[in-house]
Amino acid sequence: MTARPKVRPGKRTNDPEGLRKRVLDVAEASFQARGYHASSLGDLMAAAGVTGGALHHHFPTKKALALAVIEERVAAAVEETWIAPLQAAGSAREGVRSVFEAVATELEQQGFVRGCPLNNLAHELSLADPDFRAALAAIFSAWREAIADKIRADQQAGREQDTDPQRFAALAAATYSGAMSMAKTAQDSGVLRDCLNALEQGASPASSSKGGAIAKRRRRVLLRQHRVV
């Protein structure tokens, strides 16, 4: 048995915020690696080195812990990975390209693909609980709105006049989400670069203008058919 270290009188040794952070660190890593349902509170307490009382002081339920991971960690990851680089880029398309390329490069160096934190939890939890779904949907909404806002800024500068901000944002977010899911399944980060190339070809201003013209012609044909009938 080892002797307990002496504590100086009046000096606080507890660190509630540090403990809370440690629990969030462990839960975040476990939810991404194993999933929410496969991560037991007992395993999380053991990994974090905390007692049940200490854990429940900060997170009364496992659901409360998961919501904190979503709202604090997953939202921050999307902000750091997507929103901040996008806002700092010279244009929306440059920002989207830089994110895809940065993530692909990081995954290549890492040697494995664990997937997108937002995607992983969205797939597992969106149908499990309305509070989870609302928290995850809010992050997707903020992500898409950041892309759309960048397109609007480009339009104010005289660019992207034929681009619909909301549609481009939905396409960019969906392409990235799908690419990360496929990359995780295949354990191949090259999927990100393939999807980026397809996105840039399919969402180019020329393609948008051409697609809009085709849609208008289809509507005119349908109107003529309706009049004939």
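Residues numbered from 1 in each chain as written. Predicted model: local features only at pLDDT ≥ 70, side-chain atom pairs only at ≥ 80, totals over all residues. Heavy atoms only, no water.

**Overview of the nonpolar core**
- Residues W82, Y176 and L192 are the most contacted members of the largest nonpolar core, which totals 60 residues.
- When contributions to this core are tallied by element, the ones reaching two or more residues are α1 (16-33), α2 (41-48), α4 (62-88), α5 (92-110), α6 (117-125), α7 (130-156), α8 (165-186) and α9 (190-202).
- No other element matches the eleven residues that α4 contributes to this core.
- Contact partners of L192, with chain neighbours within four places excluded, come to F100, V103, A104, L107, Y176, A179 and M180. (Core = buried A, V, L, I, M, F, W, Y, C linked by side-chain atoms within 4.5 Å. Buried < 20%, exposed > 50% of the residue type's maximum accessible area, 1.4 Å probe, protein only. Helix = DSSP H or I, 4+ residues; strand = E, 2+ residues; numbered from the N terminus. Contact = heavy atoms within 4.5 Å.)

**Some words on the side chain of D154**
- Following the sequence through the fold, D154 ends up in helix α7.
- For D154, a relative accessible area of 2% corresponds to the buried category.
- With residues up to four places along the chain from it excluded, the contact list for D154 reads G90, S91, A92, R159 and E160.

**Remarks on the pattern of salt bridges**
- With the rule as written, the count across this model stands at 13 salt bridges.
- Across the pair R93 and E160 runs a salt bridge, and its minimum N-O distance is 2.5 Å. Taken as a pair, R93 in helix α5 and E160 in the loop between α7 and α8 lie far apart in primary sequence, 67 residues in all. Considered together, R93 and E160 belong to a single accessibility category, that of buried residues.
- The network of salt bridges with shared partners includes K21, D25, E28 and R73. (Salt bridge = Lys/Arg side-chain N within 4 Å of Asp/Glu carboxyl O.)

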